[in-house]
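This is what each chain is made of:
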Amino acid sequence: MIKSSFFRALMVAAGLLAAFVAATPANAVVEININKGNVEPLPIAITDFLQGELGKKISDVVAADLKRSGLFKPIDKGAFIEKISNPDAAPRFEDWKVINAQALVTGRVTQEADGRLKAEFRLWDTFAGTQMTGQQFFTQPENWRRVAHIIADAIYERITGEKGYFDTRVVYVAESGPKTARKRQLAMMDQDGANARALTNSNDLVLTPRFSPNRQEVTYMSFENNQPRVYLLQLETGQREVVGNFPGMTFSPRFSPDGQRVIMSLQQEGNANIYTMDLRSRTTTRLTSTAAIDTAPSYSPDGSQIAFESDRGGRQQIYVMGADGSGQRRISFGDGSYSTPVWSPRGDLIAFTKQSGGKFSIGVMKPDGSGERILTTGFHNEGPTWAPNGRVLMFFRQNAGAGGPQLYSIDLSGYNEQPVPTQGFASDPAWSPRLE
Amino acid sequence: MSRIDTPAAGRMQTIARNPVMIALVMTLAIAGCASKKNLPGSAGELGLGGAGSATPGSQQDFTVNVGDRIFFDTDSTSIRADAQQTLDRQAQWLAKYPNYAVTVEGHADERGTREYNLALGARRAASTKDYLISRGVPANRLKTISYGKEKPVAVCDDISCWSQNRRAVTVLGGAGM
């Protein structure tokens, strides 16, 4: 199944390039403040990295990542005046200021004697006339896309002051066939839709995959042998195991932030309650005890609290409790029903699905329930997942009519919504943590 | 990586976009609901009784002459009056043919979220099972399973389909929990 070098630690060696131009902080002003909400994208010139087709492909991926973020506007290469022939030399800043490129990216890709790829880039502040950063990476040639994402992350971080999220992956449910006989497989891809591959290949119904914090495992639900249960999949080996030995259907799993526990729902007769299982000791702990449907649990990033949905009050609403089940309290009070709460990796917001007036929306609220904001509304939007920097959400959308669900991303401003390309229908996306 | 601390951005501009316009586009996009229907064809699929020539005691007899499924109201798990009649027939049939164990499959329509609908389907299967037990079917012959909203039988974007997908289907044999 999985035979990628993706999960091997530190396959990309990174280094800093010496700054060509001494830093002159007084005039360096290229910066995007994400907290300002809806910002005008920053015009940036991303030149083809030197030496051949691979250099061009890497700079194209960098440009596509930055453009999709909605924070950058890569300038059409046809407008470029200066042709970069030596990426170690300072560019002619005037040529870039004329086309209003506020930032400039130059780079070079070469092959080392040992076969490794060496990729270097420099980010320039054209109006200040300074190099903002310069880095180099060594990796195997087949990992060229990953290097491009790492470079895009470095540029994003240098200019926004926030960690990037481009060097990440997404697990999801790949769907095919008609609605009445839909085939579903677990699949994984890069966050931009590239390198998609199946993780399971059977006719068993599989749902709700979620990454472990170290990205080595996925927990998900499978109907294998008509016994709907939560499973654990080791990505490196493809090994699968049932999580726990529960007397009924287990579903809606998610890892604790330390990766030591899986939290999930157990169905018994008409009731669903929330349990955790410690993956080392295999002990299980019951956290809720109601004659209701308690499901979709999600830990706060510090592991101290759990958001979940419950219909104990009559319809689905979001609740928060301590990690030991204490202090259960409802936090959603708007018009409609609320479900699939997911705590932001930053801890500041909880994303959710909201049903109201026959429509399905994706929104966010603060952990105390205040500050609700709807980001997108339509026939059917469901199942948000956070980018590791807590600035972008991915979710799935089913439009009215025939066809199936597709993945979309949207930033917290609600203005930058983008389809995420997948080969067929797709649902239940789960964004990986950042690859350190 | 060396960072240059910069004063507040001077060049970035904020533009005020009009949220009303965006809401309008959304409304238009969902206005054109398709009305293509893919309805179950036979009386058996619909769970209706009918004059069948099925062998008494066979799967076909159960599906066609007894009715293998009942339907639910939105977000509801209570057994409707019409469903009670179907389940009464099922209980009588199962009493007559005691060699069968059955699985009750619970389903939800697609107008809900995935996790909740798994639980809702389970709740419907459980209430159906409880009703059959109340009509004398031994609990040890009954298993349940929920498929949530993942196995619709009718595909369209209105209540004519959703109401058929909110169902509990009694399957002879089957493989629930």
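Residues numbered from 1 in each chain as written. Chains lettered and ligands numbered in written order. Predicted model: local features only at pLDDT ≥ 70, side-chain atom pairs only at ≥ 80, totals over all residues.

Enquirer: Mind showing me how you'd approach the overall build of chain A here?
Expert: Looking only at helices and strands, chain A has 3 helices and 30 strands in total. Taking 22 Å as the expected radius of gyration for a compact globule of 436 residues, we find that chain A reaches 23 Å, a close match to that expectation. Principal-axis analysis of the C-alpha atoms places the extent of chain A at approximately 70 × 45 × 45 Å. When the 436 residues of chain A are sorted by exposure, 51% land in the buried category. Within chain A, counting contacts between residues at least 6 apart in sequence, those at least 24 apart form 47% of the total. (Helix = DSSP H or I, 4+ residues; strand = E, 2+ residues; numbered from the N terminus. Rg over C-alpha atoms; globule rule 2.2 N^0.38 Å. Buried ≥ 20, exposed ≤ 12 C-beta atoms within 10 Å, placed from the backbone. Contact = placed C-beta atoms within 7 Å.)

Enquirer: Would you mind showing me how to read the sheet that holds strand β16 (residues 271-278) of chain A here?
Expert: The strands that make up a sheet pair up through hydrogen bonds in the backbone, lying either parallel or antiparallel. Residues and elements named next belong to chain A. Pairing in this open sheet of 4 strands is antiparallel, and the strands run β14-β15-β16-β17 from one edge to the other. Bordering the open sheet on either side are β14 (250-255) and β17 (284-286), each of which pairs with just one other strand. On average, each strand axis in the sheet is tilted by 25° relative to the strand beside it, whichever way the strands run. Summarising the sheet, strand β15 (residues 261-268) and β16 pair through 8 bridges and their orientation is antiparallel. Residue R261 lies in a different strand from β16, and its bridge partner there is D278. (Pairing = 2+ DSSP bridges. Axes fitted to C-alpha atoms, helices over the stretch in contact; angles between N-to-C directions.)

Enquirer: I'm lost on the packing of helix α3 (residues 59-67) of chain B against helix α4 (residues 81-96) of chain B in this one. Help?
Expert: Pairs of packed helices are described in terms of their axes, by the angle between the two and the distance that separates them. Residues and elements named next belong to chain B. At a closest axis distance of 10 Å, the pairing of α3 and α4 adopts a crossing angle of 140°. In this structure, α3 crosses over α4, and the sense of that crossing is right-handed. On α4, the residues that touch F62, V66 and G67 of α3 are T86, R89, Q90 and W93. Residue composition of the contact of α3 with α4, by class: 3 nonpolar, 3 polar and 1 charged. (Left-handed = near helix turned anticlockwise from the far one by under 90°. Nonpolar A, V, L, I, M, F, W, Y, C, P; charged D, E, K, R; others polar.)

Enquirer: Is there a simple way to think about the packing of α4(B) against helix α5 (residues 114-134) of chain B in this case?
Expert: Residues and elements named next belong to chain B. Taken N-terminus to C-terminus, the directions of α4 and α5 make an angle of 55°; their axes are 9 Å apart at the nearest point. Between α4 and α5, the angle falls in the class oblique. Regarding α4 and α5, the two cross each other, and that crossing is right-handed. Residues L87, Q90 and A91 of α4 lie in contact with α5, whose contacting residues are T128, Y131 and L132. Its residues assigned to classes, the contact of α4 with α5 comprises 4 nonpolar, 2 polar and no charged. (Parallel < 35°, antiparallel > 145°, perpendicular 65-115°, else oblique.)

Enquirer: Got a minute to help me understand the sheet that holds strand β23 (residues 350-356) of chain A in this structure?
Expert: All names here are of chain A. A sheet is described by the order of its strands in space; here 4 strands give the open sequence β22-β23-β24-β25, paired in antiparallel fashion. Both edges of this open sheet fall to β22 (337-343) and β25 (373-378), since each of them pairs with a single strand only. When strand polarity is set aside, the average angle formed by the axes of neighbouring strands in this sheet is 20°. Relative to β23, β22 is paired through 5 bridges, and the arrangement is antiparallel. Note that in β23 the partner of W343 across the bridge is I350.

Enquirer: Honestly, the domain arrangement of chain A in this entry has me stumped. Any pointers?
Expert: Reports of interface size often rely on the accessible area that becomes lost once the parts have come together. Residue and element names in this part refer to chain A. Each assigned domain of chain A is listed with its residue range as follows: domain 1 (13-160) and domain 2 (169-431). For domain 1 and domain 2, the distance between their C-alpha centroids amounts to 35 Å. The interface is formed by 8 residues belonging to domain 1 together with 10 residues belonging to domain 2. The element best represented in the side of domain 1 that touches domain 2 is helix α1 (residues 52-68), accounting for 3 residues. Its residues placed into classes, the side of domain 1 that touches domain 2 shows 2 nonpolar, 3 polar and 3 charged. (Domains from an automatic or database assignment.)

Enquirer: Explain helix α3 (residues 144-160) of chain A here, please?
Expert: Side chains of residues three or four places apart in an α-helix project in the same direction, reflecting 3.6 residues per turn. With 17 residues, α3(A) should cover 24 Å at 1.5 Å per step; its first-to-last C-alpha distance of 24 Å lies within 8% of that length. Following α3(A) by one or two positions, G161(A) adopts a phi angle in the positive range, close to 80°. (Expected span 1.5 Å × (residues − 1).)

Enquirer: Got a minute to help me understand the confidence of the model for chain B in this structure?
Expert: Detailed conclusions should not be drawn from predicted coordinates in areas where pLDDT is low. Residues and elements named next belong to chain B. Here chain B averages 77 in pLDDT, and 69% of its residues register 70 or above. Taken together, the stretch residues 1-51 has pLDDT below 50 and engages in 79 contacts with residues farther than four places along the chain or on a different chain. Interface confidence for the predicted complex, given as ipTM, is 0.91, next to a pTM of 0.87. (pLDDT = per-residue confidence, 0-100.)

Enquirer: Would you mind going over the nonpolar core with me for this structure?
Expert: Burial of nonpolar side chains together is a common tendency in soluble globular proteins. All names here are of chain A. Ranked by internal contacts, the top residues of the largest apolar core, which has 135 residues, are I44, V62, I151, I155, I350, A351 and L393. Taken domain by domain, this core gets at least three of its residues from each of domain 1 (13-160) and domain 2 (169-431). Residues within four places of L393 in sequence aside, it is in contact with A351, I362, L375, P384, T385, W386, S409 and I410. (Core = buried A, V, L, I, M, F, W, Y, C linked by C-beta atoms within 7 Å.)

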